[in-house]
Amino acid sequence: MLRGFTVPKSPFGQAALAAPPPWHYSGDVVGVEFWTDPDVAAATLPRGLSPDPTSNGHAVMMFLDWQFTGQDDEFLDPARYQYREAFVLLDAVYRGTSVMWCPYIYVDNDAALARGWTQGFPKKMGSIFQTRSFAAAGAAAAPVVPGGRFGASLSAHGERLAEARITLRKPLDNGLSLLSRPTVLLRYFPRLATGFQDKPAVDELVMSITDDLTVVNAWVGEGEIYLPEAKGEELHALAPTRIESGFRCSLAYSVTDLRILEDHAHK
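What you see as residue numbers is a count from 1 along each chain, following the sequence as written. The predicted origin of the model limits local features to residues at a pLDDT of at least 70 and limits the giving and counting of side-chain atom pairs to 80 or more, whereas totals for whole chains, interfaces and linings rest on all residues. No hydrogens and no water enter the side-chain calculation; it runs on all heavy atoms of the structure.

A. Highlighting the overall build of the protein chain. Put simply, DSSP marks the helices as runs of H or I at least four residues long and the strands as runs of E at least two long, and each gets a number from the N terminus on. Secondary structure assignment for the protein chain yields 3 helices and 14 strands. Values of the radius of gyration come from C-alpha atoms, whereas the globule rule sets the reference at 2.2 Å times the count of residues to the power 0.38. The C-alpha atoms of the protein chain give a radius of gyration of 19 Å, which matches the 18 Å a tight globule of 267 residues would have. A 1.4 Å probe rolled over the protein chains alone gives each residue an accessible area, and that area as a share of the maximum for its type sets the label: buried under 20%, exposed over 50%, partly exposed in between. Here the protein chain holds 267 residues, and 47% of them are scored as buried. A separation threshold of at least 6 residues defines the contact pool for the protein chain, and within that pool the share at least 24 residues apart is 65%. His is not counted here, nor are the chain ends, while Lys and Arg score as positive and Asp and Glu score as negative. The atoms used to mark charge sites are NZ of Lys, CZ of Arg, CG of Asp and CD of Glu. Taken together, the 24 basic and 31 acidic charged side chains of the protein chain have centroids lying 2 Å from each other. Whether two residues are in contact is decided by their heavy atoms: any pair within 4.5 Å suffices.

Here's what the structure looks like:
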């Protein structure tokens, strides 16, 4: 019997891109909160979500430097289990509940890609970088202090997709306020067989569940973000009309489950 939580299935299950949960994440975040065209934001929403009438067009883009582990001390294998990520979250509503919707996300690690598709994150491969902070003082240390400056970027297929700059001003008393809405995702897996290509095998609207979410050392200040047009991408359509703030924090959480909101494939 072949084993493994994801493909490739194999005799011992060690070749699988992703092991079964629990999945544990820790990382640093550089982010920009901004407003985009409300009609463009609304056009990205899947069936089941509607624009938030109080904040339609409100968006956050985050760049993350992650470390992952499962049940076998995977963090001791950094070549496989460190990775970087960038994504956009948009305000939306699900049956009266304020949520965030993730239309676009990029990652630089195949295992993270597989975990993301399993969760419903529409991950694509990209190249993501952000300024790191170091404890040893020096010109390149980028300390987390008033006036501290951080940059981040996203590229894919040789094209720059996003650039961000932030300047920190003050710490946040409640870092969890940066992630106050649950994230809703679309698990979508099409069929290839003729006659079934418009009938996906999986079409689920789901809510991400994060266990033990912790946000520490959160700071806010000014932010800038630039989303240039690139062939084969639509991220640029969410270009900002107004910048709200820039922020930086460290966070950790675990994933063991998700909540299925609607199953459109089996209605």
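B. Here's a closer look at unusual backbone geometry. Of note, the amide linkage connecting Val7 to Pro8 takes the cis form, showing an omega dihedral of -5°. Inspection of the secondary structure puts Pro8 in the segment before strand 1 (23-36). Pro21 connects to Pro22 through a cis peptide bond whose omega is 15°. By the element assignment, Pro22 lies in the segment before strand 1.

C. Broad picture of the pattern of salt bridges. Just to be clear on terms, a salt bridge is a Lys or Arg side-chain nitrogen sitting within 4 Å of an Asp or Glu carboxyl oxygen. All chains considered together, the criterion is met by 15 salt bridges. Among the salt bridges present, the one from Asp28 reaches Arg248, with a minimum N-O distance of 3.4 Å. Here the residue Asp28 occupies a position in strand 1, and Arg248 occupies one in strand 13 (residues 240-255), the gap between them amounting to 220 residues. Owing to a relative accessible area of 26%, Asp28 belongs among the partly exposed residues under this scheme. Bridged by salt links that share partners, the residues Asp52, Asp91 and Arg181 form one connected network.

D. Region of the structure containing the pairing of strand 10 (residues 183-189). Bridging between strand 4 (residues 97-101) and strand 10 involves 2 bridges; their strand directions are parallel. For Trp101, the partnering residue across the bridge sits in strand 10 and is Val184. The pairing criterion is simple: DSSP has to find at least two bridges between the two strands. Where strand 10 meets strand 11 (residues 202-208), 6 bridges bridge the pair, whose relative direction is antiparallel. The residue of strand 11 that forms the bridge with Val184 is Met207.

E. Structural view of the nonpolar core. Here, nonpolar core refers to any group of buried Ala, Val, Leu, Ile, Met, Phe, Trp, Tyr and Cys residues whose side-chain atoms link them within 4.5 Å. Core analysis: the largest hydrophobic core is formed by 39 residues, its most contacted members being Leu49, Met61, Phe63, Leu154 and Leu235. If you look at the next biggest cluster of nonpolar residues, it comprises 28 residues, including Val60, Phe68, Leu89 and Ala112.

F. Representation of the environment of Leu213. For Leu213, the position within the fold is in strand 12 (residues 211-226). Classification of Leu213 as partly exposed rests on a relative accessible area of 27%. Put simply, Leu213 and Gly120 are 93 residues apart on the chain and 19 Å apart in space, counted from C-alpha to C-alpha. Setting aside chain neighbours within four positions, we find Leu213 in contact with Leu176, Leu179, Ala252 and Tyr253.

G. Up close: helix 3 (residues 110-119). Taking burial as the measure, the 10 residues of helix 3 include 7 buried ones, the bulk of the element. When we look at burial in helix 3, the residues that qualify are Ala111, Ala112, Leu113, Ala114, Arg115, Gly116 and Gln119.

H. Summary view of the environment of Gly232. The residue Gly232 is located in the loop between strand 12 and strand 13 in this model. For Gly232, a relative accessible area of 66% gives the class exposed. Taking the C-alpha atoms as reference points, Gly232 and Val40, 192 residues apart in sequence, are found 17 Å from one another.

I. Here's a closer look at the state of the cysteines. Throughout, a disulfide means two cysteine sulfur atoms within 2.5 Å of one another. By the definition in use, this model includes 0 disulfides. Here Cys102 is not disulfide-linked; the sulfur of Cys249 is the nearest cysteine sulfur, at 16 Å. A relative accessible area of 1% places Cys102 in the buried class.

J. Expanded view of the packing of aromatic side chains. Under the pairing criterion, centres of Phe, Tyr and Trp rings, with the six-membered ring standing for Trp, must be within 6.5 Å; the plane angle then separates stacked pairs below 30 degrees from edge-to-face pairs above 60, leaving the rest tilted. As enumerated under the stated definition, the model contains 7 aromatic pairs in all. Considering the side-chain rings of Tyr25 and Phe68, the 5.3 Å spacing of their centres and the 65° angle between planes classify their relative orientation as edge-to-face. With Tyr25 in strand 1 and Phe68 in strand 2 (residues 58-69), this pair connects stretches of sequence that are 43 residues apart. Just as Tyr25 is buried, Phe68 falls in that class too. Measuring from ring centre to ring centre gives 5.7 Å for Trp66 and Tyr253, while their planes differ by 90°; the resulting arrangement is edge-to-face. Taken as a pair, Trp66 in strand 2 and Tyr253 in strand 13 lie far apart in primary sequence, 187 residues in all. For Trp66, a relative accessible area of 3% translates into the label buried.

All quantities given are derived from atomic positions and should not be read as evidence of function.
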